[in-house]
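Geometric and topological summary
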Amino acid sequence: GCICDKVNMALALRLLQKMWPEKFRFWPKSWLLPAEVDELSTWLDKHKSDTVIVKPEGGSQGDGIFLVQTASDLRLKLSAKPHFGAGFGALAQRYLPEPLLLDGLKFDLRLYVVVTSVDPLVAYLSREGLARFCTAKYEAPSTANAN
């Protein structure tokens, strides 16, 4: 496997959170679907004011991403996926309630690093990277906009 995809990155970071919980607090609560759909449903029932973002495995550029706020909404949206449980997989994560914004816009940065040695640690940061900005002002998730 490769840690460059959502699911394998989630598995690696989950292991690191167990080993060093204080150092890996930045990674939000996550579930791998369909295997952990029951655990996610239980969590949604207990955390009624929270939102979860579901990102399809192998997706990119926001394709297929959706938000849920209830277990029934999760079941409904997953049932609309033609291959759910038989080839459809996803990473679900607690949606950050107060994301960092620039001029009211969500954004992400991609920095590229190559590690050539672990002991001693030797890493190189590329001078080029990527910044992506949303084109619409951020609105907090609600039942009206959680497509």
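Residues numbered from 1 in each chain as written. Predicted model: local features only at pLDDT ≥ 70, side-chain atom pairs only at ≥ 80, totals over all residues. Heavy atoms only, no water.

As judged from the ten bridges shared by strand β5 (residues 107–118) and strand β6 (residues 121–133), these two strands associate in the antiparallel manner. Residue pairing for β6: Asp108 is matched across the bridge by Arg132. (Pairing = 2+ DSSP bridges. Helix = DSSP H or I, 4+ residues; strand = E, 2+ residues; numbered from the N terminus.)

Taken together, four strands build an open sheet; the order of strands is β1-β4-β2-β3 and the sheet is antiparallel. At either end of the open sheet lies a strand with only one pairing partner, and these are β1 (30–33) and β3 (66–68). The average undirected angle you get between the axes of adjacent strands in this sheet is 25 degrees. Direction of pairing for strand β2 (residues 52–56) relative to β3: antiparallel, over a ladder of three bridges. Bridge pairing in β3 places Val54 opposite Phe66. Lying on the sheet, helix α2 (residues 37–46) is in contact with β1, β2, β3 and β4 (90–94); it crosses β1 at an angle near 140 degrees. The strands touched by helix α3 (residues 71–79) are β1, β2 and β3; relative to β3, the strand with the most contacts, the crossing angle is about 150 degrees. (Axes fitted to C-alpha atoms, helices over the stretch in contact; angles between N-to-C directions. Contact = heavy atoms within 4.5 Å.)

Bringing the packing of aromatic side chains into the picture now. A complete count under the given rule lists four aromatic pairs for this structure. Between the aromatic rings of Trp20 and Phe24, the centroid separation amounts to 6.4 Å while the plane-to-plane angle is 35 degrees, which identifies the pairing as tilted. Take Trp20: its relative accessible area is 41%, and that puts it in the partly exposed class. Relative accessible area serves as the criterion here: at 16%, Phe24 is assigned to the buried category. Ring pairing ties together the aromatic residues Trp20, Phe24 and Phe26, which thus form one cluster. (Phe/Tyr/Trp six-rings, centres within 6.5 Å; stacked < 30°, edge-to-face > 60°. Buried < 20%, exposed > 50% of the residue type's maximum accessible area, 1.4 Å probe, protein only.)

Below, the discussion takes up α3. Among the residues of α3, those classed as buried are Ala71, Asp73, Leu74, Lys77 and Leu78. Buried residues of α3, viewed axially, fall in a sector of 155 degrees; they line one side. Residues of α3 that are exposed and point over 90 degrees away from its buried face: Leu76 and Ser79. Where α3 is buried, its residues touch β1, α2, β2 and β3. (Arc of directions from axis to C-beta.)

With that settled, the discussion passes to the pattern of salt bridges. Under the counting rule described, the total for this entry stands at five salt bridges. Two residues, Glu22 and Arg25, come together in a salt bridge whose shortest N-O distance is 3.8 Å. Grouping residues by exposure puts Glu22 and Arg25 together as exposed. A salt bridge links Arg94 to Asp50, with the shortest nitrogen-to-oxygen separation between them at 3.3 Å. Of this pair, Arg94 sits in strand β4 while Asp50 sits in the loop between α2 and β2, placing them 44 residues apart in sequence. On the basis of relative accessible area, Arg94 is assigned to the partly exposed category, the value being 27%. (Salt bridge = Lys/Arg side-chain N within 4 Å of Asp/Glu carboxyl O.)

The subject of this paragraph is the environment of Leu105. Along the chain, the position of Leu105 falls in the loop between β4 and β5. Sequence spacing of Leu105 and Phe133 is 28 residues, and the spatial spacing of their C-alpha atoms is 6.6 Å. Apart from the residues within four sequence positions on either side, Leu105 is in contact with Leu100, Cys134, Thr135, Ala136 and Lys137.

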